Amino acid sequence: MASAEMIDWTFSKVSTKEFTHGFHTYPARMHPEIAKQLIEKYASDTKKVVFDPFMGSGGVLVEAMLHGNNAIGIDINPFSVFLSKIKTTPLNSKKLNKIFDKIIENSKKDISNKKSYKNAPKDLDLKFWYPRGIPKKLQILKHNIFELDIPEKEKNFFKLCFSLTQRKVSFQKTNIYKIYRIKPEKRKEFKPDVFKIFSKICKINIEKMDNFTKETKKTSGKTVVILGDTRNTVGEFKKIRKKILDKGKAHLVVTSPPYGDHGTTVAYGQFSRYPGQWLELPKQKELSSVDKIGLGGKKKKDFSDLESPLLEKTLKVIKKKDSEVTKKTAHYSRARDVFAFFFDLDECFGQISKVLKKGDSHCCFVVANRRVRREVIPTDKIIVELARKYGFRHKETIYRKIINKAMASKNTPENIVDYRDETMNEESIVVWEY
Ligand SMILES: C[S@@+](CC[C@H](N)C(=O)[O-])C[C@H]1O[C@@H](n2cnc3c(N)ncnc32)[C@H](O)[C@@H]1O
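Residues numbered from 1 in each chain as written. Predicted model: local features only at pLDDT ≥ 70, side-chain atom pairs only at ≥ 80, totals over all residues.

### A look at the sheet that holds strand β9 (residues 426-433)
And step 1. The strand order across the open sheet formed by seven strands is β3-β2-β1-β4-β5-β9-β8, and the pairing between neighbours is mixed. Of all the strands in the sheet, just β3 (223-227) and β8 (393-401) have a single pairing partner and so form its edges. In this sheet, adjacent strand axes meet at a mean angle of 15° when their direction is disregarded.
And step 2. Pairing geometry for strand β5 (residues 362-367) and β9, over six bridges, is antiparallel. (Pairing = 2+ DSSP bridges. Helix = DSSP H or I, 4+ residues; strand = E, 2+ residues; numbered from the N terminus. Axes fitted to C-alpha atoms, helices over the stretch in contact; angles between N-to-C directions.)

Structural data, given as structure tokens:
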């Protein structure tokens with residue numbers, strides 16, 4: 001492992017899709033190489049347990065397994081849990097190939113026999129979101145995956161391939177994570193081949209899974225994924241029965257929290273809604289409330305002191321700007337949005353501190369500084385102040401350029417969706433000792 005100074009943290013030449021990493025899109029994924037480097041550095045002893053409190057697409061857990069560490073991930077998004085579980089469950093590729101052949105064979109038979117099924121999500125406007133003829137084929141594929149008599153793990157693997165297929169053949173824009181349609185002229189020309197796209201995704205993912213399975217056979221890391229709220233980490237850790245923790249605790253946090261509340265930044269719930277509905281994920285109620293219950297989702301009645309002078313200073317500026325805007329523009333309190341997010345994040349630090357082994361742990365947060373009312377929110381520095389009161393000692397902050405991160409491109413700062421602008425071409429890896 002090279003020292004932090006010697007590493008080019010952009011990792012522009014390192015693939016983000018090795019092993020099971022590229023299985024499915026997810027907003028604001030962390031570059032897997034960041035997790036890899038941090039695990040090698042701070043959990044080189046494979047007995048150390050890695051914890052991602054905002055697991056998202058589960059990339060940190062995949063890297064922990066590849067390195068040979070036990071890992072635990074928490075997320076409030078049921079789709080994140082579904083995705084992360086599949087990505088961290090090794091499967092036999094020969095078996096997968098056989099199942100794939102059966103799905104395609106049965107689906108083609110259905111086409112020749114002019115069969116049709118009605119299993120699309122009820123509140124999804126199929127004509128609005130898909131070209132003509134596509135929903136019929138999607139429903140045939142879905143039927144032949146869901147009805148096949150195969151073990152749950154393998155079935156989930158193909159459900160995930162199906163989820164990516166339905167997204168790729170839809171009119172949904174692929175490069176951003178609020179759901180918008182492509183332009184009318186592009187819609188006219190868009191004639192995807194459902195079975196071909198599904199087959200391609202399956203073949204690629206089977207090969208990736210094969211690499212992952214072979215690689216993790218050499219190591220012995222186990223993973224647990226939890227649908228839960230990081231503001232209740234202590235409670236979630238108590239529920240873990242498997243002996244993957246070290247006397248109930250972990251040693252290394254590697255994570256990237258949301259940029260701000262989901263409503264004004266990345267809407268993870270909105271992104272996951274249709275995949276979750278197509279897949280009939282068991283936690284539909286939780287799925288539909290992800291953006292409301294995510295960090296900063298609930299506004300606080302009053303501002304309170306979180307022991308961060310920098311946050312105080314930032315809020316003061318935003319409050320002033322809030323009072324200056326006219327009724328014509330959004331005149332509600334953006335300061336409240338910002339405060340609610342940091343209030344919740346602060347609670348997470350408190351909880352995380354209770355599940356780490358004191359004196360033998362590190363905590364790494366990958367964050368980007370968004371703007372609100374044209375004001376940069378110095379998240380990288382605010383979190384250092386917040387975490388101090390829980391015993392986290394700031395060790396270093398590494399700055400890196402973001403290349404190809406899947407997020408919306410520039411937004412006007414007055415826009416509600418104002419999390420992304422030129423300040424977010426860079427992100428910070430904040431490292432603490434604990
Ligand atoms: C930036 S994403 C994480 C991306 C992840 N590092 C990856 O590579 O895919 C932030 C995640 O935090 C989750 N989240 C938001 N509020 C949460 C909470 N209170 N508890 C647990 N997870 C939460 C969101 O659902 C989202 O998946």
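### What to know about helix α7 (residues 152-168)
And step 1. Counted at 1.5 Å a residue, the expected span for α7 with its 17 residues is 24 Å, and the 24 Å between its end C-alpha atoms agrees.
And step 2. Considered for burial, the residues of α7 that qualify are F157, F158, K159, L160, C161, F162, S163, L164, T165 and Q166.
And step 3. Of the surrounding elements, those touching the buried residues of α7 are α3 (78-87), α4 (93-112), α6 (134-146), α9 (194-217) and α11 (268-278). (Expected span 1.5 Å × (residues − 1). Buried ≥ 20, exposed ≤ 12 C-beta atoms within 10 Å, placed from the backbone. Contact = placed C-beta atoms within 7 Å.)

### Structural notes on the packing of α6 against α9
And step 1. Viewed as axis vectors pointing N to C, α6 and α9 meet at an angle of 45°, and their least axial separation amounts to 10 Å. If you check the angle between α6 and α9, you find them oblique. In this structure, α6 uses I134, K137, L138 and L141 to contact α9, whose residues at the interface are V194, F195 and F198.
And step 2. Looking at side-chain class alone, the contact of α6 with α9 contains six nonpolar, no polar and one charged residues. (Parallel < 35°, antiparallel > 145°, perpendicular 65-115°, else oblique. Nonpolar A, V, L, I, M, F, W, Y, C, P; charged D, E, K, R; others polar.)

### Some details on the nonpolar core
In globular proteins that are soluble, nonpolar side chains generally tend to be buried together.
And step 1. Core analysis: the largest hydrophobic core is formed by 107 residues, its most contacted members being I39, V50, C161, L252, V254, V338 and C363.
And step 2. Both domains that furnish three or more residues to this core are identified here as domain 1 (4-78 + 220-269 + 289-433) and domain 2 (93-214).
And step 3. Excluding residues that lie within four positions of it along the chain, V50 makes contacts with I39, A43, V60, A64, N69, A71, A250, L252 and V254. (Core = buried A, V, L, I, M, F, W, Y, C linked by C-beta atoms within 7 Å. Domains from an automatic or database assignment.)

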